[in-house]
Each structure stands twice: as structure tokens, then as C-alpha cells.
Amino acid sequence: MKFHTNDPDRVKPYIDFSLILITLFLVAFGLIMVYSTSSYEASMSAVTKNDAAYYLKKQAAASIVGIVLMIFVSYIPYHFWEKLSGIAYVVSAVLIGLVLTPLGYEANGARRWLRIGISVQPAEIAKLAMIIFVAGLICKLKDGINTRKGMAFIMAPPALICLMVWQITDNMSSAIIIFGISFVMLFIASRDYKKFIVFAAAAAGLVALLIFAITKMADSDKFGFRGARILAWLDPEAYASGKGFQTLQALYAIGSGGLFGKGLGQSIQKQGFLPEAQNDMIFSVICEELGLFGGICIMLLFAFLLWRLMVIANNATDLYGALLVVGVMAHISIQVVLNIAVVTNTVPNTGISLPFISYGGSSVMFLLIEMGLVNSVGRKIRF
Amino acid sequence: MKSEKRVKRVRRIRVENGLNKDMQAKLVILFVMVLLAFAGLGVRLITITRDNGERYKKQVLSQQKYNSITLPYKRGDILDCKGNKLATSEKVYNMIIDAKVMLDKDESLEATLDALRTCFPTLDISAIRNHVTQNPTSQYHIVKKQLTYDEISAFLEMDNNNEEYPDIAGVWFENEYKRIYPNNSLASDVIGFTVRGEGGQYGLEQYYNDVLEGINGRDYGYLNEDETLERTTIPATDGYNIVTTIDANIQQIAEKYLYQFNEEYKNSARDGNGANNLGCIIMDVDSGDILAMASYPTFDLNNPRDTSRLVGMKKSELNGTVPYDAVVLTESNIEEELADDELKNANLANLWKNFCISNTYEPGSTYKPFTVACGLEAGKLTGEEYYTCNGALQVADHNIKCHNYKKGGCGTLSVKGAVENSCNVSFMLMGRQIGSPTFLEYQSKYNFGLKTNIDLYGESRTDSLIFSGDTMGETELATSTFGQGFNVTMIQMITGFCSLINGGYYYEPHMVSKITASDGSVVKTITPRVLKQTISEQTSAEIVDYCIGVVEEGTGKEARPAGYRIGGKTGTAEMVPRDRTNYLLSFMGFAPADNPQIAIYIVVDRPNSWVQDNVGFARKLCKQILTEVLPYMNIYMTEELSEKEEAELAELNITIKKATQPEEEEQPEVTDAPDVDEEGNIDPHGGDVTSSNQVTEEEMNSDDVELAPLTGNVLNVETGEAVRENTDEVPY
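Residues numbered from 1 in each chain as written. Chains lettered and ligands numbered in written order. Predicted model: local features only at pLDDT ≥ 70, side-chain atom pairs only at ≥ 80, totals over all residues.

Asker: Please clarify how the overall build of chain A should be interpreted in this entry.
Answerer: A count of helices and strands for chain A gives 14 helices and three strands. The burial tally for chain A puts 52% of its 383 residues in the buried class. If you take every contact in chain A between residues at least 6 apart in sequence, the share linking residues at least 24 apart comes to 68%. (Helix = DSSP H or I, 4+ residues; strand = E, 2+ residues; numbered from the N terminus. Buried ≥ 20, exposed ≤ 12 C-beta atoms within 10 Å, placed from the backbone. Contact = placed C-beta atoms within 7 Å.)

Below is the structure:
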């Protein structure tokens, strides 16, 4: 026994097989759903060269690269990333800035992508970078984070990145996610409750006020397309052909699926009615094809995944590792909750993808890298 | 115990280095919050399905696209008897812009617009650019309609050349058929036209609309048993082609001379066309096949609503009738006169209708062969009778004059002489012998008062326009013998006339000989149909003899084409109002005289001349048309040619064919109808003329009839007086 305790590296490293299994299952299920949702549109459109597997191929390639990177990252001792905190922050800021240069390009009406060999969304990189950066910053400040000044000091740099993501790439949902990740990490690390509750309540109040103002305002144009989206959220059928169209079609998909759905591949809504069926709206097609049963199963899988992340975070050997895992957990929770909330019209429509499942190469690749980080933290755990 | 110790130690280490207990608690709280959120969303999913599931299910089904894409059929062609296309449907292409595809790659927009600019110089590129930039998600925008394959082929080549032009995207072409009439106005009244490629209007297009139309194919969606959408394609069925009996060359010859006639006489005595109407039918005597059916004015089938074709016509009323004193439409007044759209449509309808089958009129003396045939066939006449004409005959209260009234009448004439000289008094006397029951019996045998059922749209009914036993009195019978008082159509006249000269067989006149499918297979062959025998072969032979006499001895001399012997009958009908200023001139004939093959009927309705009652107008047209048609049909010349005639033929590029020349018999040389340019002039080049005939002095004089320079009147060769043929004081 002494031998083991004195020399922990000789102990067989902890590998959370259930976490890896769920991750791989979600990625595989995602590929199936991406093919199911996109094949009809892809086969009909000249843009995709009438190749039914066009989206599947791209997603599969990104997934394979992601899995390789996940394995690779899980072997890197995670303290290596702590040293890179500052660099990660600067790199993510620069990449967001690069969108404005000719390297950036526009797709689906928004300029959010960079073409540097492969095409990536800097916002996805920023999410990972922010996890690394905030964890490092908290560890550096130690107890200092419990003061109001310390909190502001920790939240200021991510807030700046959020502002850049929002303003430069016009991607408010990613900005909210990045802010949410940082906020949750700080919440866990801090000793305080009150300040967070007050802040959350204040934010909720502000949002409520804003919504109230928009509904009372005859001229919703002042709030741009986001104002219109809020009106469409409150009454999607009144905006059935405009801003409410996508939401309403998603609701039709969910509602028409029934308890067990129409069967895998049998969705009608994906045939040209539901915009972004393979992307933000993939969950509604899951409900249409696999029913309430399928949708709730997916939610349970995410719950299980989050539980495993919580276990690893709670057992991490040091604060930095634990905070990395908390960041990943926050990232996945926020996206899953918001995505399903959008699809069910619980919150106004905003573009958030469902982790591992939605189409999007950058998203799945960086999520898998994050899972690699979690595994590298897990490897140090000794039970 | 040892293991317990170890756990404690590990926990301590963890407390020191990992999350402390507070943090762990916070993480659990966070996890529980997320689970609560999941639970809330799960409840939301359940309520959506429970509360709105059925409604949403119906919504999903109702917004499916069951509506179909139409795959257009090809309307059948209309061909002449030699297979020339009179009407055809050409595949044309509509240019569609797909903005979404065009904007997919940054380079595509400019590259595609450049290519469009090169291939379609008239295209408004900036309008396309505006459309694409303003509607970036639009996928279907028609830019240009009905482009031909030749027009788009250059662009297609560039589009398919991915090496040189990799960025062209977002332009595609949709098929459609466009109705084309390659000969524009040729046989316009016979062919008719279509509205946007379907729904035939007038003529063959309307009569045979069901045959020409195909069935559109469809590409459509439906829900199968599992309530999933499936799509099926049913290909289009093309319409059948119709092969007409029309010979485009003969038709062209006829139309050329009608056009020339109009050019010569228009605006001479009054404003407007050379005659109110001109009509010409050429028919195969032994089958009822219509070889040509021409009328003037014509219109452009490719642009039937072109009002410039109305210029020269008299303005019609809203109901389509043209009053006697109607305004003549001119280039300067047409806009004003036809400002009302309905009125414009009525006038266009008047232009589109086929004079040869739709207009009714009193035939005049061309009816006389029918009267004689009736008398001979019924045994009321023997053919040996003689009649004396003193210039007029008292019938009931009316003193009805002959055309030779001023010269003291025609004198004593045989039956043949009465026909040759077109003596009205003799015919009125024959009418007394025949009696109205027999006259009417034969009139209905000849099919007057009934439709001929020719396969063309718009044949007029004439049942109320002829006499019955109740309405025919002594006077009516008298005038009917020379074709006044009742109305006929051109097609009735020539069809009946064919039966008079072919041995008495009344063939149903028809335009279409064959219906073929788009793959060329024959669907139906329409064979000539004898409806009845009107007169015996013996009587028919008599009539042929009389009609030959008309051309050789009587009023029809001037109608004979050089080199041929023909028969026929002239007619000068007085029209309402009977103020002796409105006449309809006609000539009805057959050729060749010894073995009649074709019949021809010319009508000149109120020529544009100070003196209208001159049958020379119709005779001249007959001569001109037959001069070209008979050689074209390889009918051998039997008569000697004068030098003058030879010169005329040479000018027309007509090869002289004689049965006595064996080498030509073996290789009969077919001369196509000469090229005619816009002014109706004949191209003097091409086609060699061979002539081996010696012309005698005698022959030169016999048929040489002069025209008075100012009036256009025919002058009697012996007396130098104007030859007149008219009816007088007819009480209608």
C-alpha cells in the first residue's frame, strides 16, 4: 500500500469510461441525425451539389478530427494549459478580430467564420479559451476572488471577449454562453452566494423589463430583429410567416411526433419546412422522428454526462483541474438548456446548437477537445 | 482499517488541493438547477405534444406540397400535303435566376453576370444584380421568356465548361413550347392561331383543337399509407399532328395574286383595300380535297392582334356586321376609331374569320350551271330548247332586265348559248319550265342551305337564307335561276360545282387527310367521302360541255390560262343596297377541260373601282392563278401558245410541259412556286423555260381582250364597248 500512496503515477490512471461512452454515443447519434435531417435538403440543392451525404461527410470529418484531438489532449498534463492562460486569451481575441479582415467570410447571412486552412468559428475557440483563461485567473487570485474587486477583475476580461463576439461577429448567443461559463466558474470558486443571487435576479429583472418595454412599444423596430424575435416568441402564430416561422415549424415538428415519433428518417418537417433542421433545430426533428420518448432520452443522456462531469470536478486533485471541468460542464449545460428552450419556444429564438448533435464542425471539434481536457483532469484522480 | 485510513487521507488531500466542501455543494446545487431546467423543458415538451399534438399533426400534413409541377406537352404540327410545316411548336426556354445559388460563392455573382452579359447582349444586367442583391434567398425569378435554343446555347456551353468558367452558377432554363407559324400569314384564315400556345382560335387550330392538344404531364406529391410524402412523374403526351390537303405552293400562288390584286386596286376609287373581300378556293374535283383556300385581307399568325392588318378594311360594328357605309380604317384614323377594346376585338374577329366559309352572299350567274343541271336532270329541259331574249322579261309586277338590255337583248339562244352568254331572260324562262318544287328539290340536293361540314371552324349556316316552298313565288324563282335572292357560301358553291362536273358525285369537302402521332405513326387516315349523287354522269357531261363553251365562246374567255383548255362560269351579282354600285364578281371553273382535275372559285367582293360590275376582275385572277398552278401540278399543256403567252410564261419562269414531248414525260420537271418578295414581284432568276410551240396569228387574237385604261372595264373585242353582265331591277 505504501508503494501506491508514495508513487501515485504508478497507479493505473482513472479513466471515466461511462463519460467517454456517452460522448461517443452522442457524437454518433449526432451524425445519424445530421444525415437524417439534412439529406433531403442536400439532395435537392445545387449548393450542396445534390449530394445527400454532403453535410454528413463534413460533420463526420470534423468528428473524427475531434476524437483524435480529444485522445491527444487527454494525455497532456492539464497544468500545461495553465501556463497558456494569457496566450489563450490573446489568441481568441485576435481570432475574433481577424473576422473583420479578408480571412473572415460570411455564410447564412452572418460574418462569423474564419478560413485559415480549415474554416472555424472564432466564437467556438473563444469558449474553450475562456475556460482555460478564467480557471487560470481564479487560481492566480486565490482568495482574492471573494472581494467585489476580485470578482470584477475576473469577469472583466471575459466580458470584453463577449462584447467582441457580440459586436464583431454579431453572435449574441455565443456571447451569452461565454459570459455564462465564466460566471458559473466564478460562482463555484467563490465563497459567496448573495452577490450571485442578486446579480442573477437583477439580470432577470432587466430582461423582464426589456420584454415588457418591447411588448408595450408599438414600434418594435427600435430593437431591431431581436425585438421582433421577442414579439414572435410571445405569439409565434401571429408571426407565422416571418420571425415566428422557424419556431412555429419546430413546434409543429415536436407536436406531430407524438409519444414515439414517426420513426427514424420519417420527418416531414425536415423536407424544406423547418429552416436549419440539421443545425439549431435538430432537437425538434429528434422529437418528430423519435417522439417525446426520444427527446427525453437525449435529455437524460445529457443529464448523465453532466453528472459524470460533476463527479470528476468534485474529485479533481486540484482547483485548476476542477475549474476546467466546471467550465466544460457549464458550457454543455447552458447550450443544452438554451437549445431545447429555443426549440420549445420557452425563450426567444436565438441560434444555439445542441452540443455534439447539431451540425457544425467547429462546435463538435472544440467540444471534443474540451472532453479531452476533462479526461486529462480525470486521469489524475486517485480513488 | 487500512483502507479506511487511506480514504481519509485522500479526502484530505482533495480538500487541500481540489474543490472544498462549499464548492462541491455549490456544484451539486448547480447540477440540481440544471436537472430542474431539464425537468421543466421535459414538461414543456409533454404539454406541447399533449395540447397541440393533433393540431400540429394536421398542420404538418396541410403544408405539404401536393401541388404538381406541370410538364408541358407539345401541340401537334399542322402540315401541308407535302409535309411542309404550316404550324409547329418549338421548345423555348425561360431563364430562371436562383439568387441563393448565385450568392453561395463570392466569385459567382460577378462571373455569372459577366457570362450573361457576353451571351445575352440585350439583357438588363443591372436589373438582375439588383434582384439578386435585394432578394438573396429568392430561388425562382423569371428573367426572360421564350428564348430559343440557339440563343441560350452559347451560355450553356460556358456554364458547362467548368475549367474556364468554374464560377458560373444560379442560372437555369425552364422548358416551354411556343406556337410558331413558319410562313407567317400564309393560309392564315385556314390555319387559325392559338392563345399562348393552347386553345385554338379559328380555322384548323380550333376545329382540330382536341386532336392537336396533348395532355400535360405532371410531377406531383401525395401521401402514402404511412402519411409520408411521395412524388410521382407522369410524362406529357404530345398532341397529334394533322396533315392537311393544302398544298403550300398552290396556296402561295393564290395568295400572291390576291395580294397583287389588292396592291393594284387599293385606294383607287375609294379609300381602302382593292376589294372588300377576295376569296379563292382550289379543290380536287374527284375527292373534295381543298388544295388552296385563300382570302384577302390576311393576318400574321405569329402576331394575330396586329391592328395594322386592319388598315384598308371597313370598320365593323360591335356585332361583327359591316354596314354598307362603314368607315374605312386608315393608318391615321385606326387608333381613334378602335379606341374601344371591344370594338377593336370585333374588328379583329372580322379579320380572323375565313371569308371562304363564313361570309354569305348572293352568288349571281355562277349559279346558272346548277339551274341548267337541275332542269336537265329532272327532265324539265332537254337541252334542245331555244329562248328569245328581248332584253327584259315581265315577271309578276317586275320587269326584270338582262345585261344586254341596252343592246336590245341577246336574241335567240340555245340552252348552251344561254349559259355561254349568261342570258338572264333565257334562265327565267327555263325557271318557268322547271317550276319551284323541282328547283328547290335540286337546290337542297346540291346542299345549299346546309353546312358542307368542312373540317374548319366557323362555317356559316345558310338555312334561313334560301327560299322554301312557302317563300318562293314567281319572282323569287325567276331571280333564283340566275343566282339572286338567296345566299350561299363559297365552299357550298365550289363543292356543289365539283359534283356537277365530276359525274355527279358530291364529296364532303375536307382539309385534313391524315392524323399522325408525334412518333410519326398514322393514327387516322381520312379518305374522301361521297355523300350523294346530285346529277347523272350524262347531265354532268352536258354541264362540262356548256362550261367549256363559256370560256371558249362566251363570257369566260379571258379566264383561260395560256396553254390550257378550261371550263367555267362567270358571275356578276348585284348586292344590297341595289343601287347598281355594289357588285360581287366571281368566276368558277375547272381544268383541264377534257379531264377535270381541279376546280377553282374566285370571288371579288365589291372591287375598289368606279365601275364594279365587271367580271373581268375575277376572270383575270383565275387566269393568273391557273397559269402557275396547272404547270406546278404537272398538268400538260394541250393548247398552242402565242408568242405573247410564251413571253408571259417565260417571265414567270414556267416550264412548258407538253404530253407530246417524251423526254419530258419521263422526267417531268417540277417547278416550285417562284419566289415572291414583299411587293409580290417574282424573282426572275432560276428555272429555265423551254418552249417549242409555234404560235399562230389567229390564236393571238382569239383570247386577247383589252382593258379600258381608266375604268378597268373589259372591252368587247369586236365593238370596243364595255362588256357588261348584270341583273336589273331585282326587287330585293
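Next comes the rest of the account.
Asker: Before we go on, may I ask you to explain the overall build of chain B in this structure?
Answerer: Helices and strands together make up the secondary structure of chain B, namely 24 helices and 23 strands. Sorting the 732 residues of chain B into buried and exposed places 45% on the buried side. Summarising the internal contacts of chain B: among those between residues at least 6 apart in sequence, 72% fall at separations of at least 24.

Asker: Would you mind going over the sheet that holds strand 3 (residues 118–120) of chain A with me for this structure?
Answerer: Two modes of strand pairing occur in sheets, parallel and antiparallel, and in both the strands are linked by backbone hydrogen bonds. Residues and elements named next belong to chain A. Pairing is antiparallel in the open sheet, where three strands are placed in the order 1-2-3. Strands at the two margins of the open sheet, each flanked by one partner only, are strand 1 (104–107) and strand 3. Averaged over all adjacent pairs, the angle separating strand axes in this sheet is 40 degrees, with direction ignored. Taken together, the three bridges between strand 2 (residues 110–116) and strand 3 define a ladder with antiparallel strand orientation. By the bridge assignment for strand 3, Leu-114 is matched with Val-120. (Pairing = 2+ DSSP bridges. Axes fitted to C-alpha atoms, helices over the stretch in contact; angles between N-to-C directions.)

Asker: Please clarify how the packing of helix 10 (residues 248–265) of chain B against helix 21 (residues 616–632) of chain B should be interpreted in this entry.
Answerer: Two quantities define a packed helix pair, namely the angle between the axes and the distance from one axis to the other. All names here are of chain B. Contact pair helix 10 / helix 21: the axes reach a minimum separation of 10 Å and the direction vectors enclose 155 degrees. When the interaxial angle is binned, helix 10 and helix 21 end up roughly antiparallel. In the packing of helix 10 onto helix 21, the handedness of the crossing is right-handed. Taken together, the residues of helix 21 that come into contact with helix 10 (itself represented by Asn-249, Ile-250, Ile-253, Ala-254, Tyr-257 and Phe-261) are Leu-621, Gln-624, Ile-625, Glu-628, Val-629 and Tyr-632. Of the residues contributing to the contact of helix 10 with helix 21, the split by class is nine nonpolar, two polar and one charged. (Parallel < 35°, antiparallel > 145°, perpendicular 65-115°, else oblique. Left-handed = near helix turned anticlockwise from the far one by under 90°. Nonpolar A, V, L, I, M, F, W, Y, C, P; charged D, E, K, R; others polar.)

Asker: What's the story with the nonpolar core in this structure? I'm lost.
Answerer: The nonpolar side chains of soluble globular proteins are, as a tendency, buried together. Among the nonpolar cores identified, the biggest contains 145 residues, and Ile-281, Ile-282, Ile-494 and Ala-599 of chain B are the most heavily contacted of them. Inspection of this core shows a minimum of three residues originating in each of domain 2 (69–188 + 220–244) and domain 3 (358–702) of chain B. (Core = buried A, V, L, I, M, F, W, Y, C linked by C-beta atoms within 7 Å. Domains from an automatic or database assignment.)

Asker: In this structure, what is going on with the pairing of strand 3 (residues 85–97) of chain B? I would like to understand it.
Answerer: Remark: a regular strand shows side chains that alternate across the two faces of the sheet. Residue and element names in this part refer to chain B. Note: strand 2 (residues 78–79) against strand 3, two bridges, orientation antiparallel. The partner of Leu-79 across the bridge, within strand 3, is Lys-85. Where strand 2 folds back onto strand 3 in an antiparallel hairpin, the turn is made up of five residues, including Gly-83, whose phi is positive at roughly 95 degrees. Note that strand 3 and strand 5 (residues 171–180) share ten bridges and pair antiparallel. Residue pairing in the sheet places Glu-90 in a bridge with Lys-178 of strand 5. For strand 3 and strand 4 (residues 141–147), the ladder comprises four bridges, and the chain directions are antiparallel. Across the sheet, the residue bridging to Ile-97 is His-141, located in strand 4.

Asker: Help me understand the sheet that holds strand 11 (residues 275–284) of chain B, please; the structure alone is not making it clear to me.
Answerer: Residue and element names in this part refer to chain B. Read from one edge to the other, the open sheet built from five strands follows the order 12-11-23-22-21, with strand pairing classed as antiparallel. The sheet is open, and its two edges are formed by strand 12 (290–296) and strand 21 (567–574), each paired on a single side. Going from strand to strand, the sheet's axes swing by 5 degrees on average, the running direction of each strand aside. Pairing geometry for strand 11 and strand 23 (residues 598–607), over nine bridges, is antiparallel. Within the sheet, the bridge partner assigned to Ala-275 lies in strand 23 and is Pro-607. Against the sheet, helix 19 (residues 490–501) touches strand 11, strand 22 (583–591) and strand 23, its axis set at about 145 degrees to strand 23.

Asker: What exactly am I supposed to notice about the environment of Ile-501 of chain B here?
Answerer: All names here are of chain B. By secondary structure assignment, the location of Ile-501 is in helix 19. Taking the number of C-beta atoms within 10 Å as the measure of exposure, Ile-501 has 25 and is therefore buried. Not counting residues up to four positions away in its chain, the partners in contact with Ile-501 are Val-285, Ser-540, Ile-543, Val-544, Phe-590, Pro-596 and Ala-599.

Asker: Explain the interface of chain A and chain B here, please?
Answerer: By a widespread convention, an interface's size corresponds to the accessible area lost as its parts come together. Every contact between the two is made by 45 residues of chain A and, on the other side, 37 residues of chain B. Of all the secondary structure elements, the ones that give two or more residues to the side of chain A that touches chain B are helix 8 (172–189), helix 11 (245–257), helix 12 (282–315) and helix 13 (319–343) of chain A. With twelve residues, the single largest contributor to the side of chain A that touches chain B is helix 12 of chain A. A breakdown of the residues in the side of chain A that touches chain B according to their chemical character gives 28 nonpolar, 14 polar and three charged.

Asker: Looking at this structure, I do not really get the confidence of the model for chain B. What am I missing?
Answerer: Residues shown with low pLDDT carry predicted positions that ought not to be read at fine detail. Residue and element names in this part refer to chain B. When pLDDT is averaged along chain B, the result is 84, and 86% of the positions lie at 70 or above. Here helix 24 (residues 697–702) stands out as the least confident element of chain B, with mean pLDDT 38; helix 19 is the most confident, with 96. Counting contacts from residues 1–16, a segment whose pLDDT is below 50, to residues more than four positions away or on other chains yields seven contacts. Counting interchain partners and residues more than four positions distant, the pLDDT-below-50 stretch residues 661–732 has 126 contacts. The ipTM for the predicted assembly is 0.92, set against a pTM of 0.61. (pLDDT = per-residue confidence, 0-100.)

Asker: Teacher, can you tell me more about helix 12 (residues 341–352) of chain B here?
Answerer: In an α-helix, one full turn covers 3.6 residues, which means residues spaced three or four apart are oriented alike. For helix 12 of chain B, spanning twelve residues, the distance from its first C-alpha to its last is 16 Å, which sits close to the expected 16 Å at 1.5 Å a residue. Among the residues making up helix 12 of chain B, those that are buried are Asn-347, Asn-350 and Trp-352 of chain B. (Expected span 1.5 Å × (residues − 1).)

Asker: Would you mind going over unusual backbone geometry with me for this structure?
Answerer: Trans peptide bonds make up the majority, and among non-glycine residues the majority have a negative phi. Residue and element names in this part refer to chain B. Omega for the bond connecting Val-576 with Pro-577 falls within 30 degrees of zero, at -5 degrees, which places this linkage in the cis form. Within the secondary structure, Pro-577 sits in the loop between strand 21 and strand 22. With omega at -15 degrees, the peptide bond leading from Ala-591 into Pro-592 counts as cis. Looking at the secondary structure, you find Pro-592 in the loop between strand 22 and strand 23. Even without glycine at this site, Tyr-202 takes up a positive phi of about 65 degrees. With respect to the element layout, Tyr-202 can be found in the loop between strand 7 (198–201) and helix 8 (203–207).

Asker: Help me understand the pairing of strand 15 (residues 398–401) of chain B, please; the structure alone is not making it clear to me.
Answerer: Sheet analysis places strand 14 (residues 392–395) of chain B next to strand 15 of chain B, joined by four bridges and oriented antiparallel. By the bridge assignment, Gln-394 of chain B is partnered in strand 15 of chain B with Asn-399 of chain B.

Asker: Can you help me understand the environment of Gly-239 of chain B in this one?
Answerer: Residues and elements named next belong to chain B. Positionally, Gly-239 belongs in the loop between strand 9 (229–234) and strand 10 (241–244). When the C-alpha positions of Gly-239 and Asn-209 are compared, they lie 9.3 Å apart, and in sequence the two are 30 residues distant. Leave out the neighbours within four places in its chain, and Gly-239 touches Tyr-73, Lys-74, Arg-75, Gly-76, Val-211, Leu-212, Glu-213 and Gly-214.

Asker: Where do I start with the environment of Val-328 of chain A in this structure?
Answerer: Residues and elements named next belong to chain A. One can find Val-328 in helix 13. With 15 residues separating them in the primary sequence, Val-328 and Ala-313 have C-alpha atoms 10.0 Å apart. The residues contacting Val-328, other than those within four sequence positions of it, are Ile-131, Leu-309, Glu-370, Leu-373 and Val-374.

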